Amino acid sequence: MPNLSGKVAIVTGAGQGIGKGIAMTLAKAGADIVVGEMVQDRIAGTVAEVEKLQRKAIGVQFDVRDRGQVDNLVAEAMKKFGRIDILVNNAGNDIVRDLVDMTDEEWDFQINVNLRGPFYMCRSALPHMIKSGNGGAIVNIASIAGYITYPKGAAYAAAKAGVMALTRALASEVAKHKIRVNSVAPGPIDTPLLHEVLGAMPKAQSSALVGGVPLGRLGLPEDIANAVAFLASEEASYITGDTICVGGGMYMH
Ligand SMILES: NC(=O)c1ccc[n+]([C@@H]2O[C@H](COP(=O)([O-])OP(=O)(O)OC[C@H]3O[C@@H](n4cnc5c(N)ncnc54)[C@H](O)[C@@H]3O)[C@@H](O)[C@H]2O)c1
């Protein structure tokens, strides 16, 4: 387990699924946690579980698509803890739709949650991370959908490939401040979102997706969280601009 004692981490979309798993794992590694989440009812559970681990936590309700709400989340983090060492851009969503049937609003929704959100978060948090002079780590949650393709996934794939490109470009920009930027690209992970997505696919396609994992199982939020904790830690101090696939072998590069 990496040692993140004394660090403060913001995790977006930390109310359930992968984000909650990341918050818990970073807390187990010693970090205090800022739980950023859109659905108010999901915040208290994650905050309570972090506190059970004897770490400090605050919950802030926000929508990652809204610049003002993102700035407020970052301001609350600074007010409570006075520092930001780790930023995990996890909040995301997927609308399963053939491109020809996709409305402008659905396209914008996909791009705004999955790509604009991480941009807003990085732009808001980075000045504090740079000013501290302590360096830091940003971990973006991409998807193997940014590498491999499947029907009804064009906007999501475009957004997640964008996240990986953003990761590389930003990593080169902030390396001089000893801030590292990496991504984790999950394969199918057992969360409410995955079940929503599988339910919206034709049966044959969803069975092929789940059955096509070489390691023979769905991933768990902890599988992603362990990779995030590593990338956020000193053990990864020479890794930046990269993407680690955590997908049971569904994509190898
Ligand atoms: N589950 C998978 O198989 C899988 C695979 C590849 C990538 N991912 C990515 O992992 C991340 C987490 O996915 P998950 O499966 O845990 O999803 P989830 O839907 O189970 O949980 C996501 C959380 O993010 C919150 N959220 C959504 N939109 C938000 C917004 N606009 N602002 C703030 N919070 C918001 C939700 O309320 C929810 O609590 C996403 O970026 C997703 O694209 C998931």
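Residues numbered from 1 in each chain as written. Predicted model: local features only at pLDDT ≥ 70, side-chain atom pairs only at ≥ 80, totals over all residues. Heavy atoms only, no water.

## Description of the overall build of the chain
For the record, the criterion: The helix count covers DSSP runs of H or I at least four residues long, the strand count covers runs of E at least two residues long, and both are numbered beginning at the N terminus. Radius of gyration here uses only the C-alpha atoms, and the compact-globule reference equals 2.2 Å multiplied by the residue count raised to the power 0.38. In this analysis, two residues are considered to be in contact whenever any of their non-hydrogen atoms come within 4.5 Å of each other. Residues scored as positive are Lys and Arg, those scored as negative are Asp and Glu, and His as well as the terminal groups of each chain are ignored. The atom standing in for a charge is NZ when the residue is Lys, CZ when it is Arg, CG when it is Asp and CD when it is Glu.
Scanning the chain from N- to C-terminus turns up 8 helices and 7 strands. Taking 2.2 N^0.38 as the reference for a compact globule, 253 residues should give roughly 18 Å; the C-alpha atoms of the chain span a radius of gyration of 17 Å, in line with that estimate. Expressed along its principal axes, the backbone C-alpha trace of the chain runs to roughly 50 × 40 × 35 Å. In the chain, of all internal contacts separated by at least 6 residues, the share reaching a separation of at least 24 is 72%. Distance from the positive charge centre (24 side chains) to the negative charge centre (25 side chains) of the chain: 6 Å.

## Here we look at the site of the ligand
We count it as follows: We call a residue near a given molecule or strand whenever any one of its heavy atoms falls within 4 Å of it. Polar contacts, as used here, are pairs of N or O atoms within 3.5 Å; protein pairs need one atom able to donate a hydrogen and one able to accept it. Residues neighboring in sequence count only if both atoms are side-chain atoms. All accessibility values rest on the Shrake-Rupley procedure with a 1.4 Å probe; residue burial counts only the protein chains present in the view.
Lining the immediate environment of the ligand, one finds 28 residues, of which Ile18, Glu37, Asn90, Tyr156 and Thr191 sit closest. Contacts to the ligand include Asn90, whose backbone N or O atom sits 2.7 Å from an oxygen atom. Contact distances for the ligand include 2.6 Å between an oxygen atom and a side-chain N or O atom of Tyr156. Taking 830 Å² as the accessible area of the ligand by itself, protein coverage stands at 95%.

## Considerations on the sheet that holds strand S6 (residues 179-186)
What counts is decided by this rule: Pairs of strands are assigned from DSSP output, requiring at least two bridges between the strands. Note on geometry: axes are lines fitted to C-alpha atoms, helical ones only across the stretch in contact, with angles between N-to-C directions running from 0 to 180 degrees.
Pairing is parallel across the open sheet formed by 7 strands, whose spatial order is S3-S2-S1-S4-S5-S6-S7. In this open sheet, the two edge strands, each paired with only one partner strand, are strand S3 (57-61) and strand S7 (243-246). Each strand of the sheet is rotated relative to its neighbour by a mean of 15 degrees, with strand direction disregarded. In terms of strand pairing, strand S5 (residues 136-141) meets S6 through 6 bridges, oriented parallel. The residue of S6 that forms the bridge with Ile141 is Val184. Most of the contacts of helix H3 (residues 67-81) go to S3, to which it runs at about 160 degrees, and overall it touches strand S1 (8-12), strand S2 (32-37) and S3. On top of the sheet, helix H8 (residues 221-232) reaches strand S4 (86-89), S5, S6 and S7; it is set at about 165 degrees to S6, its chief contact.

## Side note on the pairing of S4
Note on strand geometry: in a regular strand, side chains alternate between the two faces of the sheet. Test applied: The classification of residues rests on relative accessible area computed with a 1.4 Å probe and restricted to protein chains. Under 20% of the type maximum is buried, over 50% is exposed, and intermediate values are partly exposed.
Along S4, one buried face is formed by Ile86 and Val88 and the opposite face, lined by Leu87 and Asn89, is buried too. With 3 bridges joining them, S1 and S4 adopt parallel strand pairing. Counterpart to Val11 in the pairing with S4 is Val88. Of the pairings in the sheet, the one linking S4 to S5 comprises 4 bridges and is parallel in character. Each bridged residue has a counterpart across the sheet, and for Leu87 the counterpart in S5 is Ile138.

## Quick word on unusual backbone geometry
Within the chain, Gln54 stands out as a residue other than glycine whose phi angle is a positive 65 degrees. Residue placement: Gln54 occurs in the loop between helix H2 (43-52) and S3. Residue Gln54 is classed as exposed on the basis of its relative accessible area, which comes to 64%. The phi dihedral of Lys152 falls on the positive side, at around 70 degrees, and the residue is not glycine. When you line up the elements, Lys152 lands in the loop between S5 and helix H5 (154-174).

## Overview of the nonpolar core
Note the following rule: Among the buried residues, those of types Ala, Val, Leu, Ile, Met, Phe, Trp, Tyr and Cys that are joined through side-chain atoms within 4.5 Å form a nonpolar core.
Counting 34 residues, the largest nonpolar core has Ile22, Leu26, Ile33, Val88, Val184, Ile224 and Val228 as its most contacted members. Within the residue set of this core, elements represented by two or more residues are S1, helix H1 (17-28), S2, H2, S4, S5 and H8. When residues of this core are assigned to their parent elements, the largest contribution, 7 residues, is made by H8. Those residues within four positions of Val184 in sequence are excluded, and the remaining contacts are Val139, Asn140, Ile141, Ala142, Ser143, Ile224, Ala227, Val228, Leu231, Thr243, Ile244 and Val246.

## A look at the packing of aromatic side chains
Under the convention used in this document: We call Phe, Tyr and Trp rings a pair once their centres come within 6.5 Å, taking the six-membered ring for Trp, and we label the pair stacked below 30 degrees between planes, edge-to-face above 60, and tilted otherwise. Any Lys NZ or Arg CZ found within 6 Å of a ring centre and within 35 degrees of that ring's normal is scored as a charge over the ring.
Overall, the coordinates contain 2 aromatic pairs when judged by the stated rule. Taken together, a centroid distance of 5.6 Å and an interplanar angle of 35 degrees make the contact between Phe119 and Tyr120 tilted. The partly exposed category is assigned to Phe119, whose relative accessible area is 36%. Between Tyr147 and Tyr251 the ring centres are 4.3 Å apart and the planes differ by 5 degrees, which places this aromatic pair in the stacked class. Linking Tyr147 in the loop between S5 and H5 with Tyr251 in the segment after S7, this pair joins segments that are 104 residues apart in sequence. Residue classification places Tyr147 among the partly exposed residues on the basis of a relative accessible area of 28%. Judged by its relative accessible area of 25%, Tyr251 falls in the partly exposed class. Taking the ring centre of Phe81 as reference, the NZ or CZ of Lys80 above it sits at 5.9 Å.

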